[in-house]
Amino acid sequence: MIIVHDPPAMQQLADDARKSGKTIAFVPTMGALHAGHLTLIRKATGYGDSVVTSIFVNPTQFGAGEDFDRYPRNLDKDAALAAEAGSDVVFAPSAGAMYPQGYATFVSVEGIAGLLEGQSRPGHFRGVATVVAKLCLIVKPHVLLLGQKDGQQVIVLRRMLMDLNIPVRLVVVPTVREKDGLAMSSRNVYLTPGQREEAPVLYASLRMAEQRLREGERNAETVRSAMRDMITSGSHGVIDYVSVARGDTLEELSVIAPPLSVMISLAVRFGPTRLIDNISLTL
Ligand code: PAF
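Note that the coordinates shown come from a computational prediction; the quantities given were computed from them, not determined experimentally. (Residues numbered from 1 in each chain as written. Predicted model: local features only at pLDDT ≥ 70, side-chain atom pairs only at ≥ 80, totals over all residues. Heavy atoms only, no water.)

Q: Quick one: what's the story with the site of the ligand, residue by residue and with numbers?
A: Close to the ligand lie P28, T29, M30, N58, Q61, V128, V131, V132, D150 and Q153. Q61 is positioned with one of its side-chain polar atoms (N or O) 2.6 Å from an oxygen atom of the ligand. Measuring from an oxygen atom of the ligand, one finds a side-chain N or O atom of Q153 at 2.7 Å. Bound to the protein, the ligand loses 89% of the 290 Å² it would expose on its own. For the shell around the ligand, the element with the most residues is helix α6 (residues 124-139), which contributes three residues. By residue class, the composition of the shell around the ligand is five nonpolar, four polar and one charged. (Near = heavy atom within 4 Å. Polar contact = N/O pair within 3.5 Å; in protein donor to acceptor, adjacent residues only side chain to side chain. Areas by Shrake-Rupley, 256 points an atom, 1.4 Å probe, with all protein chains shown as cover. Helix = DSSP H or I, 4+ residues; strand = E, 2+ residues; numbered from the N terminus. Nonpolar A, V, L, I, M, F, W, Y, C, P; charged D, E, K, R; others polar.)

Q: Tell me about the packing of aromatic side chains, residues and numbers included.
A: Inspection of the entire model under this criterion finds five aromatic pairs. Ring centres of F56 and Y99 lie 6.3 Å apart, and the angle between their planes is 35°; this geometry places the pair in the tilted category. A residue pair is termed long-range when its members are at least 10 positions apart, and F56 in the loop between β3 (50-55) and α3 (75-85) and Y99 in the loop between α4 (95-98) and α5 (117-120) qualify at 43 residues. Through a chain of ring-to-ring contacts, three or more aromatic side chains come together here, namely F56, Y99, Y103 and F106. Residue placement shows R70 over the ring face of Y190; its charged tip is 3.9 Å from the ring centre. Here K134 stacks its cationic end above the ring of Y99, 5.8 Å away from the centre of that ring. (Phe/Tyr/Trp six-rings, centres within 6.5 Å; stacked < 30°, edge-to-face > 60°. Lys NZ or Arg CZ within 6 Å of the ring centre and 35° of its normal.)

See the structure below:
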């Protein structure tokens, strides 16, 4: 496994791999690798002759007052984990190499990127779309693997890849969970023991909502309200949003009329730690 820091060197490596007929599978990350990331990397080995993992805590997707400064960083440990999971290359650029002096170009996905996460974290998806577009131009992958855990990110990036004619196949990998259902996240390490004990209520509320919809509940607000009740009675978490929305546009639903793909999602704060999770289903 090799570590590359310099974007032009990464581009050269990608060109050489492509010239020799290799397919490149790419897993973008911000490091602090956990079992969810390692599953993505393992899966990637089935999609490419060469697997590239990027490790870059992208400053443009963090808002003021968010956890950019305290986001866990440990390149040596992450690189070793990535290698063990099957990554051939770790691309770990500096912020200065990705956004040099005078940098002025951003990618904005209209509409969908302003909902839910985009409403709570203005500018977040502009940063995500920008860095993933740049990473695709640097790593030149044939296949891009993303986790379903960041459900809205998947929808925004799928739109961006289509709109910008970026010739990359997107593969979405199911969320990896702890035994008690909590979605794996680099931010779980911030939770106090008490918060960690309460946090599984998030997935429990998503499962309850899914079940209500599958059993025939057609009033989306009734489902959202039941989720809010379950979260507030089962934890000290402060709800940012709960959503029952169309799976393609993330437009909030009122009456549910199958056939329909639905994304049930939420964001809840435990102290300063904000957790997100979702379930997608087709009715
Ligand atoms: O999901 C993440 O970790 C980040 O948003 C991504 C896709 C690596 C872009 O910085």
